[in-house]
Amino acid sequence: MKINTICCIGAGYVGGPTMAVIAKMCPHIKVIVVDLNASRIAAWNDDNVNNIPIYEPGLSEIVAEARGRNLFFSTDVENAISEAQMIFISVNTPTKTYGSGKGMAADLKYIELCARQIAKVAVNDKIVVEKSTLPVRTAEAIKNILDNTGNGVKFQILSNPEFLAEGTAVQDLLNPDRVLIGGDTTVEGEEAIAALAAIYGNWISEDRILKTNVWSSELSKLSANAFLAQRVSSINALSELCEKTGADVNEVARAIGMDSRIGSKFLKSSVGFGGSCFQKDILNLVYIAKSYGLTEVADYWEQVIIMNDHQKRRFANNIVKTLYNTVSAKKITFLGWAFKKDTNDTRESAAIYVANDLLNEQANIAVYDPKVTEKQILFDLDYLHSRTEAENRDGVEVFEDPYEACKDAHAIAILTEWDVFKTYDWEKIYEQMHKPAFIFDGRNLLDGEMLSRIGFKYQSIGSAKK
Ligand code: UDX
Ligand code: ADP
């Protein structure tokens, strides 16, 4: 089957960039991205492409090229479903906050709503592609809904998890390590797989397009994220040991990373991993293992999260301890709020939890992030429900200028590894701070020797205090 119209339900961090790249690389395919969130769609359609709702290097240029040509953003979900031969489901699958599986299982209510809407609207055969990360065997549930509530048309369900990382989404989509497509082993299933593979085949070589059964594909996505997160927790566990023993975690990471069996990537010690995927997917994996009675498997993966929570908490505790056991009424400046550089995404960012701990110690938090808005920062803190909204507004001030943010601070904490922080005039910042002027580098980003020469008391993750 040759595909000429596709639609994507969900214009978020996955759906938006993925569809923009497909539209760019396949000008012969009409790509419609729909979302219930009208303001998000309006932002995708903003005349000024710099105002699209997601910041990713290279993305606004692609949207400028394809939008209105073969890339469309709309709130008209039903029309898009009925027009498309292939429908990507790219809605959010947050961790459940209620009922059974609360705090662990993925909440599939948005997925189910999509499936019901597709079933209601479709009057001809469709291929439905799971793009969102889903628990293994979700495709079965989607298929049940489609087959039992539809208009008698045929659906093929494919799993096509997205491995893009934020901040490098465009590069990852243009040049992925692999594309994974899971589908039924029936003739119709194989045809559907071939139709989706042909889309990617417009710019990705065949040997990098892996075809598996649906369950392997669903589980591979959870497994890949679990492995990546586990590496970060492993190096972070070692960072605490390094601080006690005089070893340096950067040196240890380099030494072990040069073993080609281990590899050098994802060994950067930090204040803790964040992002919308790692924690959610591991909790989901733990939940699935538990539901099959696999206690040891569940405990093994849960430890990755326990270690990550510990790393965030000990970063905050160390600030309190170092500032003579009290941060009450002291100004502590956060440079960075996003969960990593080159994105405006703050979901599960370590900054949120560190700020919350310090606010509970009555610190005044000043924040500067090149891409994150004040509204988002306050939303993130309010969402924790650990303090009232009024308390959060009292304790937090967000700045548009980093030098103003650092002025009169007792300490600076680096929470995100934005490159621009390295270029600041650190002498000027030092002059304007209370002394002793502390820097807690949660990303091992800055030049500690240079900062110590200026007069800062500099501490990084995973090396003994200087
Ligand atoms: C991740 C996966 O990499 C991607 O394949 C999947 O599709 C979605 O989840 P993402 O969350 O965008 O992508 O970012 P990633 O680069 O994996 O970083 C996740 C977190 O780990 C960030 O907070 C990052 O700062 C942290 N991290 C990463 C480290 O602390 N150290 C490292 O060495 C690498
Ligand atoms: P991700 O990072 O996985 O892309 P996001 O939360 O950024 O997740 O995006 C998911 C998007 O899906 C949101 O913009 C949300 O409004 C949208 N969405 C959720 N359910 C539906 C639905 N039934 N129809 C259309 N859009 C939906």
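The name that an unreviewed UniProt entry assigns to the chain is UDP-glucose 6-dehydrogenase, with the source organism given as Flavobacterium kingsejongi. Of the chain, the UniProt comment under Function (unreviewed entry) reads exactly: "Catalyzes the conversion of UDP-glucose into UDP-glucuronate, one of the precursors of teichuronic acid." The UniProt entry for the chain carries this comment under Pathway (unreviewed entry): "Nucleotide-sugar biosynthesis; UDP-alpha-D-glucuronate biosynthesis; UDP-alpha-D-glucuronate from UDP-alpha-D-glucose: step 1/1."

A.B. asks: What exactly am I supposed to notice about the pairing of strand β13 (residues 438–441) here?
C.D. replies: Alternating residues of β13 divide into Phe438 and Phe440 and Ile439 and Asp441, and every residue in both groups is buried. Where strand β12 (residues 411–414) and β13 come together, four bridges link them in parallel fashion. Along β13, the bridge assignment pairs Ile414 with Asp441. Running through helix α17 (residues 426–431), the crossover from β12 to the neighbouring parallel element β13 is right-handed.

A.B. asks: I tried to follow the pairing of strand β1 (residues 5–9) on my own but got confused; where do I start?
C.D. replies: Successive side chains on a regular strand alternate, one facing one side of the sheet and the next facing the other. The buried fraction of β1 amounts to five of the five residues, a majority that puts the element mostly inside the structure. Covered by surrounding structure in β1 are Thr5, Cys7 and Ile9 together with Ile6 and Cys8, the residues of both alternating faces. Note that β1 and strand β2 (residues 30–34) share five bridges and pair parallel. Within β2, the position partnered with Cys8 by the bridge is Val33. In this fold, β1 hands off to helix α1 (residues 15–25), which returns the chain to β2; that crossover is right-handed.

A.B. asks: Which parts of the structure should I look at to understand the site of ligand 2?
C.D. replies: With respect to spatial proximity, 15 residues lie near ligand 2, and among them Tyr13, Val14, Asp35, Arg40 and Arg347 are the closest. The contact in question runs from an oxygen atom of ligand 2 to an N or O atom on the side chain of Arg347, over 2.9 Å. With the chains in place, 88% of the 590 Å² that ligand 2 exposes on its own is no longer accessible. Its residues assigned to classes, the shell around ligand 2 shows seven nonpolar, five polar and three charged.

A.B. asks: Would you take a moment to explain the site of ligand 1 for this structure?
C.D. replies: The local shell around ligand 1 holds 20 residues, among which Phe163, Glu166, Lys268, Ser270 and Arg443 are the closest. Between ligand 1 and the protein, one listed contact pairs an oxygen atom with a backbone N or O atom of Phe339 at 2.8 Å. In the environment of ligand 1, an oxygen atom lies 2.7 Å from a nitrogen or oxygen atom belonging to the side chain of Arg443. Relative to its unbound accessible surface of 670 Å², ligand 1 loses 90% to contact with the protein. Looking at the shell around ligand 1 element by element, the count peaks at four residues for helix α9 (residues 214–245). Split into classes, the residues belonging to the shell around ligand 1 amount to eleven nonpolar, three polar and six charged.

A.B. asks: Is there a simple way to think about unusual backbone geometry in this case?
C.D. replies: The general pattern is negative phi for most residues beyond glycine and trans for most peptide bonds. Cis rather than trans, the peptide bond between Lys435 and Pro436 has omega equal to -5 degrees. Residue placement: Pro436 occurs in the loop between α17 and β13. At Asp408, a position not held by glycine, the phi torsion is positive, near 65 degrees. Looking at Asp408, the relative accessible area reads 43%, which means it is partly exposed. Although it is not a glycine, Asn444 sits at a positive phi angle of roughly 45 degrees. Assignment of secondary structure puts Asn444 in the loop between β13 and α18 (448–454). Accessibility expressed as a relative area gives 13% for Asn444, which makes it buried.

A.B. asks: Can you help me understand the nonpolar core in this one?
C.D. replies: In globular proteins that are soluble, nonpolar side chains generally tend to be buried together. In terms of nonpolar packing, the biggest core is built from 58 residues, with Ile332, Phe334, Trp337, Leu358, Trp426 and Phe456 touching the most fellow members. Sort the elements by how many residues they give to this core and helix α13 (residues 350–360) lands first, with seven residues. If near-sequence neighbours (up to four positions away) are discounted, Leu358 is found in contact with Ala316, Ile319, Val320, Val327, Ile332, Phe334, Ala363 and Ile365. Among the nonpolar cores identified, the runner-up in size contains 46 residues, and Leu71, Met86, Ala192 and Ile199 belong to it.

A.B. asks: What exactly am I supposed to notice about the side chain of Ser239 here?
C.D. replies: One can find Ser239 in helix α9. Among all residues touching Ser239, those that are not within four sequence positions of it are Val249, Ser269, Gln311, Arg314, Ile461 and Gly462.

Reading guide: rules and limits
- Residues numbered from 1 in each chain as written.
- Chains lettered and ligands numbered in written order.
- Predicted model: local features only at pLDDT ≥ 70, side-chain atom pairs only at ≥ 80, totals over all residues.
- Heavy atoms only, no water.
- UniProt positions renumbered as here; feature names shortened; annotations may be inferred.
- Buried < 20%, exposed > 50% of the residue type's maximum accessible area, 1.4 Å probe, protein only.
- Helix = DSSP H or I, 4+ residues; strand = E, 2+ residues; numbered from the N terminus.
- Pairing = 2+ DSSP bridges.
- Right-handed = clockwise from strand over helix to strand, strands pointing away.
- Near = heavy atom within 4 Å.
- Polar contact = N/O pair within 3.5 Å; in protein donor to acceptor, adjacent residues only side chain to side chain.
- Areas by Shrake-Rupley, 256 points an atom, 1.4 Å probe, with all protein chains shown as cover.
- Nonpolar A, V, L, I, M, F, W, Y, C, P; charged D, E, K, R; others polar.
- Core = buried A, V, L, I, M, F, W, Y, C linked by side-chain atoms within 4.5 Å.
- Contact = heavy atoms within 4.5 Å.

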